[in-house]
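The residues making up each chain are set out below.
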Amino acid sequence: MAPHDLRRPFKRPLISDQEKRRQQSLLRQAQNRRDAQNHARFLASTALSLEQPHELEPE
Amino acid sequence: VAGIELPHKQWPELIGSLLSNVHQLPAPTRQATLETLGYICEEVSPDVVDQDHVNKILTAVVQGMNSTEENNDVRLAAVRALYNALGFAQANFSNDMERDYIMRIVCETTLSPDVKIRRAAFECLVAISSTYYEKLAPYIQDIFNITAKAVKEDEEQVALQAIEFWSSICDEEIDILEEYGGDFSADSDIPCFYFIKQALSFLVPMLLETLLKQDEDQDQDEGAWNIAMAGGTCLGLVARTVGDDIVPLVMPFIQENISKPDWRQREAATYAFGSILEGPSPEKLEPLVTMALNFMLTALMKDPSNHVKDTTAWTLGRMFEFLHGTALDTPIITPANCQQIVTVLIQSMKDVPNVAEKACGALYFLAQGYEDAGAASSPLTPYFQDIVQALLTVTHREDAVESRLRTAAYEALNEVVRCSNDETAPMVVQLAPLIMLELHNTLENQKVSSDERQNELQGLLCGCLQVIIQKLGSSEPTKYHFMQYADQIMALFLRVFASRSATAHEEAMLAIGALAYATGPDFAKYMTEFYKYLEMGLQNFEDYQVCAITVGVVGDVCRALEEKILPYCDGIMTQLLKDLSSNQLHRSVKPPIFSCFGDIALAIGENFEKYLLYAMPMLQSAAELSAHTSGADDDMTEYTNSLRNGILEAYSGIFQGFKGSPKTQLLMPYAPHVLQFLDSLYMEKDMDDVVTKTAIGVLGDLADTLGSSAGPLIQQSVSSKDFLKECLSSDDHLIKESAEWAKLAISRAISF
């Protein structure tokens, strides 16, 4: 039951540059994963739409 | 022992037998009993103690606090026990009479003759302010009076808690107002009572008075925390809570004190100004900042007091952080004053370490303001070389380890690099070998692998190189120039792994991830040597941040190498599966590991076959666990959503990886479960937008890869109908895009 420390950040940024680098890396990785995924889907959907007009004509 | 037994409904007589002690005569018995009750409340969750026991504990504790208790040790134990028992008192705080009684006793206890008891009572008020904010209205006037008296007259340890009460109220109101999001008719779980706004005209003068009570050595002492620091911090929070209304209340204090002969008055005035720069509107602040800027620049150069210079440099940093940037209408920095600002900051970097550190911080925000300026010419371009040179000089100062100066200099350098443009890119290319040489020197001079300062420096240098790689790798011409250093830089990073510092490892790993992304398939040549460190990182359970970052870098390497990653996959997959099965590894690393399965599968395609038998059951059981969140708190719901996203990214990667392969049918047995998972997520109705987008994408990937053989299964799923329909009409364009993809893939799968 020790008294809790109430010291708050003083004249220092809340997020360190190290934390910023970490977050930016995560963002870059997430973006690259999305790009890779979208690329795979783009290739697939291009192939699909080339085939599809024949299938969907009755609609 | 109670912490273990009570959650299992064991030891039911414990609380009762403890409570029978509180009426016993020997004071040490009463004290020990109250301490034990306090420890139990600290240790066990409120839901394992029934309300009848809670009532009895609170009654015993509040009786122990009462002024009729003559023994101070017993009273102190009672106040501290109440602090821990507050989380148990939800029902009691909802009852007006019981709450009134508890609040009256707590307020009375703040007036105890014993300083420790007064401090503990204020600690209770601080805890009540965050736990029971919405119940405080009837007491706030009395609390203001007792905190004002404590701030003015009491010993510092008590006064600090009294200020903390108001900082904590600010935290609550900032959160509530953020939830309103500027729309005051919007609902929030807890209404804002605007306590700060109502107390403003009394609160602000009270806080301003504390600013004059600085300690002589507070800027040099890393552990310092005093009433002036707490008062200024609270003033900053008040400004964030009320915005413009604070300005007229603080300006007279600033004008009155800013030029006084006593450094304390000048410093307090400057600190007050710096503190209120976040919160009020730019329209309100811009004229004041424009007027003050020149005064501050002169003070930073000429004020005889280091305290004043420290706070002045910090205030300049705050001006640049909140009132400088391409998004603001009236720039406070113009071609006319830019040179003077840069000159003063560079000059100030030669000052004593604590002042120089703040000057580096100001430069960080000066550069940041031009981050969105694009490739166009930046007003900083003419000074770029001088700034970089000045920052490098700071890093070489013998006293750079004091006051976090060296770190601040590298952080500023990173921001200057991030904000460089086409004009200054050639200078960033030239900076790369300089930082590499620094890293080389620390590796050569290193006598022991655990020299803390050397390790810290290596971390900073790897961090700086990471920023440089990311910047130069982001455009083809600069990437081309940078690639001449790739072999050397990689060799240096690998040597950093010889140190025993988790931070240095983490920074080197992040930098290698950036290098893999910039290098592409050529990264394969580094793999033989790099692989053992990759495995080491994946095994680092203790420093889970290193493990998490290594998992991310595996993804980077997969995307860079594609099928060339194959020879390393047995080792990587073995380790990732071990990580997932471990109880030791921090749970936050598990969602990225699932995403990483997807990265590997997408890179190696049908070669993922041999891992299906191990990876799929893991995914399946995690999916079952994560499908339902009922009763979870916000943190748990957020974690569950990140877990779901990881699992879904794994499925996406696996399905897409197998696309077009003759082995596609190997995935067929897993399709019913995947669809079931999607259905249960849809039915649960608590997915966030990211999970929704990934989930509907998986539906498309499954349909695309399995085609007509999965057609009937897909048609039976709710996801392919209602969920898809909802996503197609979503306002979120990423969800809509994934849904369009799913629709296309499904229409093909079921048309055969």
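Residues numbered from 1 in each chain as written. Chains lettered and ligands numbered in written order. Predicted model: local features only at pLDDT ≥ 70, side-chain atom pairs only at ≥ 80, totals over all residues. Heavy atoms only, no water.

**A look at the overall build of chain A**
The helix and strand inventory of chain A stands at one helix and zero strands. Across the 59 residues that make up chain A, the buried fraction comes to 36%. Total accessible area on chain A is roughly 3,700 Å²; 59% of this is exposed by carbon and sulfur atoms. (Helix = DSSP H or I, 4+ residues; strand = E, 2+ residues; numbered from the N terminus. Buried < 20%, exposed > 50% of the residue type's maximum accessible area, 1.4 Å probe, protein only. Areas by Shrake-Rupley, 256 points an atom, 1.4 Å probe, with all protein chains shown as cover.)

**Points about the interface of chain A and chain B**
Contacts between chain A and chain B engage 34 residues on the former and 80 residues on the latter. Here chain A packs against chain B, burying approximately 4,900 Å² in sum over the two surfaces, 49% of which is carbon and sulfur. Remark: the boundary between chain A and chain B carries 14 salt bridges. In this structure, the salt-bridge partner of A:Arg8 is B:Glu164, at a minimum N-O distance of 3.0 Å. Counting across the chain A and chain B interface gives 26 residue pairs in polar contact (both at pLDDT 80 or more). Within the side of chain A that touches chain B, the residues separate by chemical class into nine nonpolar, 11 polar and 14 charged. (Contact = heavy atoms within 4.5 Å. Buried area = accessible area lost by both parts, 1.4 Å probe. Salt bridge = Lys/Arg side-chain N within 4 Å of Asp/Glu carboxyl O. Polar contact = N/O pair within 3.5 Å; in protein donor to acceptor, adjacent residues only side chain to side chain. Nonpolar A, V, L, I, M, F, W, Y, C, P; charged D, E, K, R; others polar.)

**Description of the confidence of the model for chain B**
In the predicted model, chain B carries a mean pLDDT of 93, and 98% of its residues have values of at least 70. Confidence metrics for the complex model read pTM 0.90 and ipTM 0.82. (pLDDT = per-residue confidence, 0-100.)

**Thoughts on unusual backbone geometry**
All names here are of chain B. The phi dihedral of Tyr 194 is positive, around 50°, even though this residue is not glycine. Summarising the element assignment, Tyr 194 is placed in the loop between helix 10 (156-180) and helix 11 (195-210). With a phi close to 50°, Glu 562 is a non-glycine residue in the positive phi region. Examined against the element boundaries, Glu 562 turns out to sit in the loop between helix 27 (544-561) and helix 28 (566-581). Of the residues examined, Glu 562 reaches a relative accessible area of 47% and is grouped as partly exposed.

**A few points about the pattern of salt bridges**
A side chain of one charge can pair with a side chain of the opposite charge when the charged atoms of the two come close. Scanning the model with the defined rule gives 46 salt bridges over all chains in all. With a closest N to O distance of 3.4 Å, B:Glu649 and A:Arg33 form a salt bridge. A residue pair is termed interchain when its members come from two chains, as with B:Glu649 in helix 31 (residues 634-658) and A:Arg33 in helix 1 (residues 17-56). Classification of A:Arg33 by relative accessible area gives buried; the value is 17%. Among the salt bridges present, the one from B:Lys685 reaches B:Glu726, with a minimum N-O distance of 3.8 Å. A residue pair is termed long-range when its members are at least 10 positions apart, and B:Lys685 in the loop between helix 32 (671-684) and helix 33 (689-706) and B:Glu726 in helix 35 (residues 719-728) qualify at 41 residues. B:Glu726 gets classed as partly exposed once you look at its relative accessible area, which sits at 45%. Taken together, the salt bridges that share partners define one network made up of A:Lys11, A:Arg12, B:Asp219, B:Glu222, B:Asp310, B:Glu357, B:Lys358, B:Arg404 and B:Glu411.

**Quick look at the side chain of B:Ser501**
Residue and element names in this part refer to chain B. Residue position: Ser 501 is located in the loop between helix 24 (486-496) and helix 25 (502-519). Judged by relative accessible area, Ser 501 falls into the buried class, the value being 13%. There is a polar contact of 3.3 Å between the side chain of Ser 501 and the backbone nitrogen of Thr 503.

**Some words on helix 21 (residues 425-445) of chain B**
In this model, helix 21 of chain B (21 residues) spans 31 Å end to end at C-alpha, consistent with the 30 Å of a helix rising 1.5 Å per residue. Those residues of helix 21 of chain B lying buried are B:Ala425, B:Val428, B:Val429, B:Leu431, B:Ala432, B:Ile435, B:Met436, B:Glu438, B:Leu439, B:Thr442 and B:Leu443. (Expected span 1.5 Å × (residues − 1).)

**Points about helix 13 (residues 247-257) of chain B**
Residue and element names in this part refer to chain B. Among all positions of helix 13, only Val 247, Val 250, Met 251, Phe 253, Ile 254 and Asn 257 are buried. One side of helix 13 carries all its buried residues, which in axial view fall inside an arc of 170°. Among the exposed residues of helix 13, those pointing more than 90 degrees away from its buried face are Pro 248 and Gln 255. In this fold, the buried residues of helix 13 make contact with helix 11, helix 12 (227-242), helix 14 (263-275) and helix 15 (282-302). (Arc of directions from axis to C-beta.)

**Observations regarding the confidence of the model for chain A**
Parts of the model with low pLDDT should not have their predicted coordinates read in detail. Here chain A averages 77 in pLDDT, and 69% of its residues register 70 or above. Residue range residues 55-59 of chain A is modelled with pLDDT below 50. Its contacts to residues more than four positions away, or to other chains, number two contacts.

**Topic: the packing of aromatic side chains**
Scanning the model with the defined rule gives 18 aromatic pairs over all chains in all. On the basis of an interplanar angle of 65° and a centroid distance of 5.2 Å, the ring pair of B:Tyr133 and B:Phe195 is categorised as edge-to-face. Pair noted here: B:Tyr133 is in the loop between helix 8 (115-131) and helix 9 (140-153) and B:Phe195 is in helix 11, with a separation of 62 residues, a long-range link. The buried category is assigned to B:Tyr133, whose relative accessible area is 1%. Judged by its relative accessible area of 4%, B:Phe195 is buried. The ring of B:Tyr271 carries A:Lys11 above its face, with NZ or CZ at 6.0 Å from the centroid. The residue whose ring lies beneath B:Lys685 is B:Tyr682, and the NZ or CZ to ring-centre distance is 3.7 Å. (Phe/Tyr/Trp six-rings, centres within 6.5 Å; stacked < 30°, edge-to-face > 60°. Lys NZ or Arg CZ within 6 Å of the ring centre and 35° of its normal.)

**Brief notes about a negative patch on the surface**
Residue and element names in this part refer to chain B. Residues Asp 175, Glu 178, Glu 179, Asp 189, Asp 633, Asp 634, Asp 635, Glu 638, Asp 688 and Asp 689 make up a contiguous surface patch of negative charge. If you list the elements that add at least two residues to the negative patch, you get helix 10 and helix 31. With respect to the helices and strands, the residue Glu 179 is situated in helix 10. (Patch = residues over 30% accessible without salt bridge, like charges linked within 9 Å, V, L, I, M, F, W, Y side chains within 5 Å. Lys, Arg positive; Asp, Glu negative; His and termini not counted. Charge placed at Lys NZ, Arg CZ, Asp CG, Glu CD.)

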